[in-house]
Amino acid sequence: MMRTLFIGGVHGVGKSTACAQVANDLSCLHVRASDLIRQERSNAIAKNGKLVEDVNGNQELLLKAFDRLQSSSMAQCILLDGHYALRDSSTNIQLLPVTLFQGLSLSGLVCLENDPAVIVKRIEARDRSSISIEEVSELQNAELEHAQTISKALSLPLSILRENELKNLLQLMIGQWLNIAV
């Protein structure tokens, strides 16, 4: 049985870096939700922007692409990194629908958090764009609250972690799922 763990958090929090390391160590598949959405429609997500024009439409694309990935993958586990909440093109925070997470048939949830000032510096360095500490903090709080809502609604375990805790937790969880020592 394939296990899928959703790793959520704001842009720049460190999801992809930690997931890539763990996936490599444990032979799991790591995939970014944004990459799956782009596979379905190349212009669905702006490459240099973090605002999303069609939040709900993109989630339909994600479900379609993820279903195809699960059908074709031989991996025993998938680390899917994405978001619980996003800013739309008007900069309003949009909570992703609980039905999206239900449709992904997840085994568990992680919400990654970090100091907003650290995240701002990463975004500025990586994306050459600026965002305020307040904007990061507001979105990070929305992600965390919504992750808790999804966890309760779907009876899924949720781990809320700082970036430096993620790698160890993922290795432990996946090791238990796959019956391998880490």
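Higher on the page you've got the structure.
From a predicted model like this one, the values you see are computed outputs, not experimental measurements.

Details of the sheet that holds strand S2 (residues 29–32)
Reasoning step 1: Strand order in the open sheet formed by five strands is S2-S3-S1-S6-S7, and the pairing between neighbours is parallel. What marks the edges here is a single partner per strand, and that holds for S2 and strand S7 (158–162). With direction set aside, neighbouring strand axes in the sheet form an average angle of 20°.
Reasoning step 2: Where strand S1 (residues 3–8) meets strand S6 (residues 108–113), four bridges bridge the pair, whose relative direction is parallel. In the strand pairing of S6, Ile-7 is matched with Val-110.
Reasoning step 3: Along the sheet face, helix H1 (residues 15–26) touches S1, S2, strand S3 (77–82) and S6 and points at about 170° away from the line of S3.
Reasoning step 4: In the packing of helix H3 (residues 55–72) onto the sheet, contacts are made with S1, S2 and S3, and the angle to S3 comes to roughly 160°.

Topic: the nonpolar core
Reasoning step 1: Among the nonpolar cores identified, the biggest contains 26 residues, and Phe-6, Leu-36, Leu-80, Tyr-84 and Phe-101 are the most heavily contacted of them.
Reasoning step 2: Of all the secondary structure elements, the ones that give two or more residues to this core are helix H2 (33–40), H3, S3, helix H4 (98–103), S6 and helix H6 (133–154).
Reasoning step 3: No other element matches H3, which puts six residues into this core.
Reasoning step 4: Those residues in contact with Phe-101 that lie beyond four places of it in its chain are Phe-6, His-83, Tyr-84, Leu-96, Leu-106, Ile-150 and Leu-154.
Reasoning step 5: By size, the runner-up hydrophobic cluster in this structure holds 22 residues, among which are Leu-26, Val-120, Val-136 and Leu-161.

Cut-off values and rules
Residues numbered from 1 in each chain as written. Predicted model: local features only at pLDDT ≥ 70, side-chain atom pairs only at ≥ 80, totals over all residues. Heavy atoms only, no water. Pairing = 2+ DSSP bridges. Helix = DSSP H or I, 4+ residues; strand = E, 2+ residues; numbered from the N terminus. Axes fitted to C-alpha atoms, helices over the stretch in contact; angles between N-to-C directions. Contact = heavy atoms within 4.5 Å. Core = buried A, V, L, I, M, F, W, Y, C linked by side-chain atoms within 4.5 Å. Buried < 20%, exposed > 50% of the residue type's maximum accessible area, 1.4 Å probe, protein only.

Everything listed is a geometric property; what it means functionally is a separate question.
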